[in-house]
Amino acid sequence: MEYLAPLITQISSLNFTELLATGGTSFALIAAAEIGDKSQLVCMTLASKHRPAPVLWGAIAAFALLNTLAVVFGAAIAKWLPEYLVAATVALLFAAFGLHALLNHDEDDDDEEIAEKSGHGIFFTTFLLITVAEFGDKTQLAVVAFSSTAQPIAVWLGSTLALAFTSALGVLAGRTVLQKIPLSLLHKASGVFFLILSAIAAYKAYESLLAAGLLPQL
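Residues numbered from 1 in each chain as written. Predicted model: local features only at pLDDT ≥ 70, side-chain atom pairs only at ≥ 80, totals over all residues. Heavy atoms only, no water.

It is worth spelling out the packing of aromatic side chains at this point. Scanning the entire structure with this criterion turns up 6 aromatic pairs. Judged by centre distance (5.5 Å) and plane angle (65 degrees), the rings of F97 and F194 are edge-to-face. With F97 in helix α5 (residues 83-103) and F194 in helix α10 (residues 183-211), this residue pair connects regions lying 97 residues apart in the sequence. A single burial state applies to F97 and to F194, both of which are buried. (Phe/Tyr/Trp six-rings, centres within 6.5 Å; stacked < 30°, edge-to-face > 60°. Helix = DSSP H or I, 4+ residues; strand = E, 2+ residues; numbered from the N terminus. Buried < 20%, exposed > 50% of the residue type's maximum accessible area, 1.4 Å probe, protein only.)

As structure tokens, then:
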């Protein structure tokens with residue numbers, strides 16, 4: 001329960017302006033990164049065979065759980081590690097994610113067929129498939145990193161809404177519509193976004209090192 005204490009404190013002292021700014025940044029970052037990703041293909045595949053509502057709700061439930069775990073872990077990291085170390089780690093992670101998005105042109109994963117599991121209701125099938133597919137994925141790691149340096153509640157809201165949006169897009173729009181969108185452009189945009197956030201985190205790490213007296217004043 002002690003790991004939840006920072007989140008409870010965040011809820012009791014929410015800053016609406018910061019909530020909007022951080023939530024909006026989180027939404028834009030995660031949505032751009034997830035368009036055309038495997039979680040969206042899960043929704044497309046299952047929605048082509050079943051009613052869309054349980055597919056969508058199963059996906060939202062899975063992402064809400066994954067983001068909760070990520071935010072709690074990120075808040076715990078921020079509590080126990082020095083600020084400069086957290087910021088430097090976030091800068092390195094975001095730089096790696098950004099470079100991967102910009103340089104990786106392998107689209108094999110986008111065409112991978114997602115097999116449906118039998119013996120479960122479609123809600124639980126979607127929930128299990130997405131939980132397994134996305135656990136430890138770059139998106140979850142990004143939520144962990146972002147929530148360690150920003151308002152965790154805002155990061156959770158923004159990232160969960162973004163993943164609900166991309167899931168709904170996969171369910172409602174269908175793959176034929178998404179194929180008309182230049183996914184490589186969206187992935188490159190997310191790469192640039194990650195690099196910008198990496199630079200911000202690196203500057204925050206530099207300021208924290210100065211404040212701790214670990215770097216000489218210029």
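On we go.
Soluble globular proteins tend to pack their nonpolar side chains together in the buried interior. Core analysis: the largest hydrophobic core is formed by 36 residues, its most contacted members being F94, I130 and F194. Elements that contribute at least two residues to this core include exactly α2 (16-34), α3 (38-47), α4 (52-80), α5, α6 (122-134), α7 (138-147), α8 (152-173) and α10. The element that contributes the greatest number of residues to this core is α4, accounting for 7 residues. Leave out the neighbours within four places in its chain, and F94 touches A142, A145, F146, F194, L195, L197 and S198. (Core = buried A, V, L, I, M, F, W, Y, C linked by side-chain atoms within 4.5 Å. Contact = heavy atoms within 4.5 Å.)

UniProt marks residues 56-77, 84-103, 153-173 and 185-206 with the feature "transmembrane region" (unreviewed entry), using the numbering shown here. Within the segment residues 56-77, helix and strand shares are 100% and 0% respectively, and the terminal C-alpha atoms sit 31 Å apart. Secondary structure across residues 84-103 divides into 100% helix and 0% strand, with the first and last C-alpha atoms of the span separated by 28 Å. (UniProt positions renumbered as here; feature names shortened; annotations may be inferred.)

Before going further, it helps to spend a moment on the packing of α4 against α7. Where α4 contacts α7, the two axes come as close as 7 Å, and the packing angle between them is 35 degrees. Viewed along their axes, α4 and α7 form a crossing whose handedness is right-handed. Here α4 contributes L66, N67, L69, A70, V71, F73, G74, A75 and I77 to the contact with α7, which in turn contributes Q140, V143, V144 and S147. Looking at the contact of α4 with α7 residue by residue, the class counts come to 9 nonpolar, 4 polar and no charged. (Axes fitted to C-alpha atoms, helices over the stretch in contact; angles between N-to-C directions. Left-handed = near helix turned anticlockwise from the far one by under 90°. Nonpolar A, V, L, I, M, F, W, Y, C, P; charged D, E, K, R; others polar.)

So, on to α3. Summarising burial for α3: 9 of the 10 residues are buried, a large majority. Considered for burial, the residues of α3 that qualify are S39, Q40, L41, V42, C43, M44, T45, L46 and A47.

Another aspect to go through is the side chain of E134. Tracing the sequence through the fold places E134 in helix α6. The exposure class of E134 is buried, given its relative accessible area of 2%.

The next subject is the side chain of T166. Considering the arrangement of structural elements, one finds T166 in helix α8. T166 gets classed as buried once you look at its relative accessible area, which sits at 1%. A polar contact of 3.0 Å, which involves the side chain of T166, links it to the backbone oxygen of L163. Contact partners of T166, with chain neighbours within four places excluded, come to A31, E34, I35 and Q40. (Polar contact = N/O pair within 3.5 Å; in protein donor to acceptor, adjacent residues only side chain to side chain.)

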